[in-house]
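Fold and contact review
For reference, the chains in residue letters:
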Amino acid sequence: MSHLPKLFFTALVFLIATLAQAAGLDAISSGDAAAGVKAALTKGADYAVSSLGKDNGFLGNSRVRIPLPGYLAKAESALRMFGMGKQADQLVDTMNHAAENAVAEARPILGESIKKMTIQDAKAILTGGEDSVTQYFKRTSSDQLTARFMPIVKAETRKLDLAEQYNKLAGKAASAGLVDKKSADLDSYVTQKAMDGLFLMIAEEEKKIRSNPLAAGSELLKSVFGAI
């Protein structure tokens, strides 16, 4: 019985916090709430594309830099021992520059996702988890981003003989169960890594907005995300 007052107090605090949050959101019109979410989506998209869709955007950022895929990463020391270090470095450079070129083309696709956002989507984003902006983009744009990124990535990786060699060797290894099928195709690997990096940077900006809406630089963002 001694634990009951403590449990009751904890539940009461949670209820009060929930009611306060609801009251804050209720004070904002649906139109303003949707506009605030769109502003957050736009800010996250612009930040991610501007950060990554430039020279060394991936290569110079340790959080998103794309490493050698699959067993090539494990065999990197052997590659260098046999005089293939230059080719390995070229592959890493090419993969990362391909990702940079691909992400530079992401803005219209992300913009289309923002335009298609409904009031229901906005409510789900506001009341969802801390990464609900990022998850919305993943859900509404991943297929389109893959279709846009893949040809750009292929155009870059096609320039290197090592990329073709990797695809042949990795394909055989994947069929034998030695490597993950997702890493068996170099273009798919780079395309996925490019999207992973894009969504990571969107998540980073979303976290900033949610943790400190006053510093978001927009009165609309302040009022909407400050009420959460």
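For the structure, check the block above.
The residue numbering used here restarts from 1 in each chain and proceeds along that chain's sequence as written. Under the rules for a predicted model, residues below a pLDDT of 70 receive no local features and side-chain atom pairs below 80 are neither given nor counted, while totals for whole chains, interfaces and linings still include all residues. Hydrogens and waters are ignored; side-chain quantities use all the structure's heavy atoms.

This part takes up the side chain of Ser 132. Considering the arrangement of structural elements, one finds Ser 132 in helix α8 (residues 132–157). Contact between two residues is taken to exist if any of their heavy atoms lie within 4.5 Å; hydrogens are not considered. Setting aside its immediate chain neighbours within four residues, Ser 132 contacts Ala 124, Ile 125, Glu 206 and Arg 210. Counting from the N terminus, the helices are DSSP H or I runs at least four residues long and the strands are E runs at least two residues long.

Take the nonpolar core next. What we call a nonpolar core is a set of buried Ala, Val, Leu, Ile, Met, Phe, Trp, Tyr and Cys residues that are connected through their side-chain atoms within 4.5 Å. Under the scheme applied here, a residue whose accessible area is under 20% of the maximum for its type counts as buried, over 50% as exposed, and between as partly exposed, the area being computed with a 1.4 Å probe on protein chains only. In this structure, Leu 41, Leu 110, Phe 137, Leu 145, Phe 149 and Leu 198 are the most contacted members of the largest nonpolar core, which totals 44 residues. Breaking this core down by element, the ones donating at least two residues are α2 (30–52), α5 (85–103), α6 (107–115), α7 (119–127), α8 and α10 (186–211). If you tally residues by element for this core, the top one is α10, at nine residues. Setting aside residues up to four positions removed in sequence, Phe 149 forms contacts with Ala 102, Val 103, Ala 106, Thr 191, Ala 194, Met 195 and Leu 198.

A few words now on the pattern of salt bridges. In what follows, salt bridge is the name for a side-chain nitrogen of Lys or Arg lying within 4 Å of a carboxyl oxygen of Asp or Glu. Scanning the model with the defined rule gives seven salt bridges in all. In this structure, Arg 148 engages Glu 105 in a salt bridge whose closest nitrogen and oxygen atoms are separated by 3.9 Å. Taken together, the positions of Arg 148 in helix α8 and Glu 105 in the loop between α5 and α6 put the pair 43 residues apart, joining distant regions of the chain. Note that Arg 139 and Asp 121 form a salt bridge whose closest N and O atoms lie 3.6 Å from each other. Here the residue Arg 139 occupies a position in helix α8, and Asp 121 occupies one in helix α7, the gap between them amounting to 18 residues. With a relative accessible area of 59%, Arg 139 lands in the exposed category. Through salt bridges with shared partners, a single ionic network connects Lys 43, Glu 205 and Lys 208.

This part covers the packing of aromatic side chains. Between rings of Phe, Tyr and Trp, where Trp is taken as its six-membered ring, a pair exists when centres lie within 6.5 Å; planes separated by under 30 degrees are stacked, by over 60 edge-to-face, and by other angles tilted. Counted under the stated rule, the structure contains one aromatic pair. Ring centres 6.2 Å apart and planes at 55° place the aromatic pair Tyr 136 and Phe 137 in the tilted group. For the residue pair Tyr 136 and Phe 137, the accessibility class agrees, reading buried in each case.

By themselves these figures say nothing about function.
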